[in-house]
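A closer look at the structure
Single-letter residue listing:
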Amino acid sequence: MTVNGKETANVAQFNLILLGPPGAGKGTQASRIAAEYAVPHISTGDILRSAVKNQTPMGLEAKRYMDAGDLVPDEVVIGIVKDRLQEPDTAGGFLMDGFPRTIPQAEALDAALESLDRAISKTVVILVDEEDLVRRLSGRRICRGCQAPFHLLFNAPKEEGVCDKCGGELYQRDDDTEATVRNRLAIYRKQTEPLIEYYDRAGLVARIDGAKTPDQVYDEIRSALGPAGE
Ligand code: ADP
Ligand code: ADP
Ligand code: ZN
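What this report covers is the structure whose coordinates are included nearby. No experiment lies behind these values; they were computed from the predicted model shown.

Glancing now at the site of ligand 1. G23, T28, R140, F150 and K212 are the nearest of the 19 residues found near ligand 1. Within the contact set of ligand 1, an oxygen atom lies 2.6 Å away from a side-chain nitrogen or oxygen of T28. For ligand 1, a nitrogen atom lies 2.8 Å from a polar atom in the backbone of K212. Look at ligand 1: alone it shows 570 Å² of surface, and the protein chains cover 92% of it. Those elements that place two or more of their residues in the shell around ligand 1 are α1 (26–37) and β8 (149–151).

Written as structure tokens, this is what we have:
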């Protein structure tokens, strides 16, 4: 098999991108995809929130952008992802969630992968109407322990305020307020949506209807990705 005109060493590699507006269900689907396709889930949002919590210099810089719902500067997130791609667990593939979000980030990812003799296998785009996104984000609760997303109405935990997966405490993200959500959606349309066309040109895009139930959405993603293989 050839990718970008090159013979690929490992045809079973899943180098995946999960794209879609805030609230589309990327985090919800990512844990299932990562488990079935045996790839690490790389969420730049999770990495940044952990840096904020630990008050690292990067976290202190990123916080003001995140609180406003603005994008953290490209060089910061590109640095995070390049470092993460050096970790040995990414050798067999990865699932990027929330990265890239701008054309310069996509170009930097392409260049980083090319230098590793690798290329993106598929970009899964989850599509959901804007009013549904606002409802999803305003009722979202996140686990402090494992970062799993829940929803007060659409995906309620068995016990209020407690994560089904790890027993961790659920909290509401500071940026899941209506005003910040509207800004994040506007930024998505302006800066991130053009990436669909960017990856379309490379024939990599699978469009998924994200308005269905999480199980139905996952079934569509599986059909688009094909069998996980060995
Ligand atoms: P993203 O990572 O794209 O921002 P999340 O996976 O965190 O999105 O989902 C946003 C919110 O919507 C969460 O509260 C989640 O429980 C809920 N959600 C996810 N998928 C669905 C779905 N198919 N139907 C209804 N609600 C969903
Ligand atoms: P969502 O669930 O809305 O898709 P994320 O958890 O992916 O949100 O991101 C939360 C915030 O972290 C973003 O609003 C942004 O400030 C910052 N962030 C995450 N990933 C990126 C990225 N690739 N580029 C710039 N900023 C990012
Ligand atoms: Zn948890």
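Next up on the list: the site of ligand 2. Near ligand 2 lie 19 residues; those nearest to it are T44, R49, D70, G98 and R184. G98 places a polar main-chain atom, nitrogen or oxygen, 2.9 Å from a nitrogen atom of ligand 2. R101 has a polar side-chain atom sitting 3.0 Å from a nitrogen atom of ligand 2. Considering ligand 2 on its own, with 550 Å² of exposed area, one finds that the protein chains cover 96% of that surface. By residue number, the principal contributor to the shell around ligand 2 is helix α2 (residues 44–53), which donates 4 residues. Taken together, the residues of the shell around ligand 2 sort by class into 7 nonpolar, 4 polar and 8 charged.

Definitions and cut-offs
- Starting afresh in each chain, residues are numbered from 1 along the sequence in its written order.
- In the order they appear in the text, chains get letters beginning with A and ligands get numbers beginning with 1.
- Side-chain atom pairs in this predicted model are given and counted only at pLDDT of 80 or more, local residue features only at pLDDT of at least 70, and totals for whole chains, interfaces and linings cover all residues.
- Only hydrogens and water are set aside when side-chain values are computed; all heavy atoms of the structure are taken into account.
- The rule for a residue being near a molecule or strand is that one of its heavy atoms must lie within 4 Å of it.
- Each polar contact in these results corresponds to two N or O atoms within 3.5 Å; when the atoms are within protein, one needs to be able to donate a hydrogen and the other to accept it, and residues that are neighboring in sequence are counted only if both atoms are side-chain atoms.
- The accessible surface values rely on the Shrake-Rupley method and a 1.4 Å probe; as for residues, cover is taken only from the protein chains in view.
- Note on conventions: DSSP H or I runs of at least 4 residues are helices, E runs of at least 2 residues are strands, and numbering of each starts at the N terminus.
- Classification convention: Asp, Glu, Lys, Arg as charged; Ala, Val, Leu, Ile, Met, Phe, Trp, Tyr, Cys, Pro as nonpolar; all other residues, Gly among them, as polar.

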